[in-house]
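Notes for the structure review
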Amino acid sequence: MITNTELEQKGNQFPNTIKNIRQEVDTLYFTTENNVILELTVLRDSVIRFRYGTRGILEEDFSYAVDPENLIGYNHLELSENKNFHIVTTAKLIIKIEKISLQTKILDIEGNLINEDEVGFHYEESFTLGGNIVKMNKRSHPGEAFYGLGDKPVHLNLRGKRFSNWATDSYAFGKETDPIYKSVPFYIGLKDKRAYGIFFDNTFKSTFDFCQERLDVTSFWAPGGEMNYYFIYGPDMSEVVQSYTHLTGKPELPPLWTLGFQQCKWSYYPESTVKGIAKKFRDLKIPCDGIYLDIDYMEGFRCFTWNKEYFPDPKRMVRELLNDGFKTIVIIDPGIKIDPDYWVYRQALENGYFCKRADGPDMIGKVWPGECAFPDYTNPEVREWWAGLFKELVGEIGVRGVWNDMNEPAVMEVPGKTFPDDVRHDFDGHPCSHRKAHNVYGTQMARATYEGVKKYVYPKRPLVITRSAYSGAQRYTSSWTGDNVATWEHLWIANNQVQRMCLSGMSFTGTDIGGFAEQPTGELFVRWIQLGVFHPFCRVHSSGHHGDQEPWSFDDEITDITRSFIELRYTLLPYLYTMFYDYATEGIPMLKPLVYFDQDDPHTHYRSDEFIFGNSILVCPILEPNSKGRRMYLARGGWYNFWTNEYLEGGREIWVDADIDCIPMFVQKGSIIPRYPVQQYVGEQVIDELKLDVYYAEDVVDSKVYEDANDGYDYKKGRYSLRNFKLRGKASDLTIQQHKGGTFETEYDTIKLNLIGLPFRIKKIKVDNVAYDLNNLDKEDKYLKLPEDFSVVHIIG
Ligand code: MIG
């Protein structure tokens, strides 16, 4: 027998001595004697790309995740050498490349070691599949902590564990199930108070090992493609996350109603049921903005059709729901039913838009409609066609949002629950197998959907929700965490997942509140609502056969508490919207894990229950039944109990009372929290005043409120209102300055200040240098009423 022993037995191969260096503007090429190339690009002083080729070859450069326009702007780049190393110096980093091994060390500009290769880049040639298995080993240090990686349903700190990234339909997944729906090959390391990030932009099934196999090594690898990673330096975790989000893209502002409450079910049908649910929300005065139609609205699960028996006149229904403030969102799956009489199937077939097997036939698999074929969304022409399919659904019928499910892609009754590896994809002109395209399939579907919804919902803004995602998906879509379960453990998972997604560039995420599978008790439901109203995407969803899961499905007490928390969310809409504005403009995560908030405090490194909602509200969910409160860690700094206004110094564990109608919640001193009145849906009322809850601090604290027309694109032409506040507190006075930007005129002309925690009795107030009649303060329920365009208010004790 003849065997190719050389190819099969080479094992791990390592770069050897550097023989040649070449520089092209911001990029350096180091080539070794055995023909390994390291392409090192300085994107920013603190963002360096490392890319390795073997046999002297680099692949054609292409990424779905990275937005190339975001990659400019370093201040300094210098190449030097000493006996053992070539040295690249930027304004923030020193990168040493060892001459005999190509191994790298990265130091900050003061010379502190941030990250270094252990054996560094190595590879194995893959005879069976072609190309290389590409590998990277980094040295890890005791106490180094790791965060990120998308939707992993585990503790925030990833140390001691190994994970893979391969989008997987994971019905009723559990704590530690891996992988699940999303692939975000980005992690953050925190060592000696300094944070850095590594984004391994490789779409194959990558694996990350955080000191599990070897206590002092973190490694990552993939069975194909290139070793291609971005090193992102902080030293603050916030800078790492913002740079990563900048690199992989930020979303546009969503319409404000998508931050309102959303009610979903598998499934609400027929029309009378949908209407009945909507009416009940209004009758019970529980605010709600979005109502969702799951797969049963379609004719035999054919996308872009309606079951006319259940929904005889969808356009009328959607309009009537809208008249009552409900926006309709429908599900669209990737599987297209094989049916020669079905126009969507025929169009795709005739144009060759379906994914094909290696030998030519279409990829056929079973999903809800039965046997289906699947559009290849990695083909730009297919995406354009797909976008056009939303013309009737969105443009004519008036659907406002689309929910993409099953896009891992999920296939029923087959091993692996997805496409076989040999399926072919266009990959935007870089043809490849499913091994490479699998993890981006869902994102490219959501992207095509986004383009369609955006076009036909114009001049309004679109909403897309996806289950599967790869890094960068946040540019097009929001997401939810898939099929969770109505258990207390899943409430813990939900809390960790949404925080993790926020650290991973995908803030606009929520969980199926109450649990998708099985049925929650009223108590679990209400504890989940109490957490869910603080998640950027806030939707109740559940599977039909497990009973009802509307706010009124339990008992009156649960209904009342649920209402009060949904109302709380609606009063906080301007705060949420401002938070989204910071995310959309600067990549700031909407929720901040405690470690992000205060990485210098080691107590935060293993904390995951507590998080910061926006910039200044610390929330800690109740995660156990029969609780009257809980112990929690109050982060360092000064905090006011949201419910009692009691002031506490943080940096310690405390017991907090929180009976069934309460969640532990604290506001950071110096904050100004904007509030709207309760509305049953966004736009129900003219907002005739903005309330600002002002939490006194003997300090100088900045805050802001962003507002615009809540929908549409006028804000891009400057028609927004951005109020920047500077609070200055002293022992016996408090001043608040306002600086207003943008040309949007808010509807209200009054701002009402609610002063909390003032350590002195007010003797005098001046508004833009005019004395304010203190008698009014008593009349106005202790609120200080100011013209909305005030410049400075001075409160004197
Ligand atoms: O195979 O459309 O995660 O939210 O309700 C199940 C029906 C398909 C899975 C989604 C879930 C949705 C359900 N879908």
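Structure: see above.
Report follows, based on the coordinates. (Residues numbered from 1 in each chain as written. Predicted model: local features only at pLDDT ≥ 70, side-chain atom pairs only at ≥ 80, totals over all residues. Heavy atoms only, no water.)

A count of helical and extended segments in the protein gives 14 helices and 51 strands. Each principal axis of the C-alpha distribution contributes one length, and for the protein these read about 95 × 70 × 50 Å. Taken over 797 residues, the protein has a buried fraction of 63%. Carbon and sulfur atoms make up 47% of the accessible area of the protein, which totals about 28800 Å². When the 90 basic and 114 acidic side-chain charges of the protein are each reduced to a single mean position, those positions are 3 Å apart. (Helix = DSSP H or I, 4+ residues; strand = E, 2+ residues; numbered from the N terminus. Buried < 20%, exposed > 50% of the residue type's maximum accessible area, 1.4 Å probe, protein only. Areas by Shrake-Rupley, 256 points an atom, 1.4 Å probe, with all protein chains shown as cover. Lys, Arg positive; Asp, Glu negative; His and termini not counted. Charge placed at Lys NZ, Arg CZ, Asp CG, Glu CD.)

In this section: a negative patch on the surface. A cluster of acidic side chains, namely Asp 688, Glu 745, Glu 747, Asp 749, Asp 768 and Asp 789, defines a negative patch on the protein surface. Structurally, Asp 749 is set in the loop between β46 (733-741) and β47 (750-756). (Patch = residues over 30% accessible without salt bridge, like charges linked within 9 Å, V, L, I, M, F, W, Y side chains within 5 Å. Salt bridge = Lys/Arg side-chain N within 4 Å of Asp/Glu carboxyl O.)

What follows concerns the side chain of Thr 245. Residue placement: Thr 245 occurs in helix α2 (residues 237-248). When sequence neighbours within four positions are dropped, the list of residues in contact with Thr 245 reads Lys 250, Gln 474, Gly 505, Tyr 583 and Gly 587. (Contact = heavy atoms within 4.5 Å.)

Before going further, it helps to spend a moment on the pairing of strand β45 (residues 721-730). Judged from the eight bridges that link them, strand β44 (residues 700-707) and β45 form a sheet pairing that is antiparallel. Considered in β45, the bridge of Lys 704 is made with Asn 724. Here β45 runs beside β46; their pairing, made up of nine bridges, is antiparallel. Within β46, the position partnered with Leu 727 by the bridge is Ile 736. Linking β45 back to β46 in an antiparallel pair, the connection comprises two residues. (Pairing = 2+ DSSP bridges.)

So, on to the packing of aromatic side chains. Under the criterion given, the structure shown has 62 aromatic pairs. Ring geometry for Phe 220 against Tyr 229: centres 5.7 Å apart, planes inclined by 85°, an arrangement best described as edge-to-face. Pair check on accessibility: Phe 220 and Tyr 229 agree, each one buried. Three or more aromatic residues joined by ring pairs form one cluster here, namely Phe 50, Phe 146, Phe 163, Tyr 187, Phe 200, Phe 208, Phe 210, Phe 220 and Tyr 229. Above the ring of Trp 492, the side-chain terminus of Lys 175 is found at 4.2 Å from the ring centroid. The ring of Phe 427 has Lys 436 lying over it, and the distance from NZ or CZ to the ring centre is 5.1 Å. (Phe/Tyr/Trp six-rings, centres within 6.5 Å; stacked < 30°, edge-to-face > 60°. Lys NZ or Arg CZ within 6 Å of the ring centre and 35° of its normal.)

Looking now at the site of the ligand. Of all residues adjacent to the ligand, which total 13 residues, the nearest are Asp 294, Asp 405, Arg 467, Asp 483 and His 541. The contact in question runs from an oxygen atom of the ligand to an N or O atom on the side chain of Asp 294, over 2.5 Å. In this structure, Trp 368 approaches the ligand through a side-chain N or O atom, which is 3.0 Å from an oxygen atom. In isolation the ligand offers 350 Å² of accessible surface; the protein chains occlude 94% of this area. When its residues are assigned to classes, the shell around the ligand shows eight nonpolar, one polar and four charged. (Near = heavy atom within 4 Å. Polar contact = N/O pair within 3.5 Å; in protein donor to acceptor, adjacent residues only side chain to side chain. Nonpolar A, V, L, I, M, F, W, Y, C, P; charged D, E, K, R; others polar.)

By themselves, these are just geometric observations and shouldn't be taken as functional.
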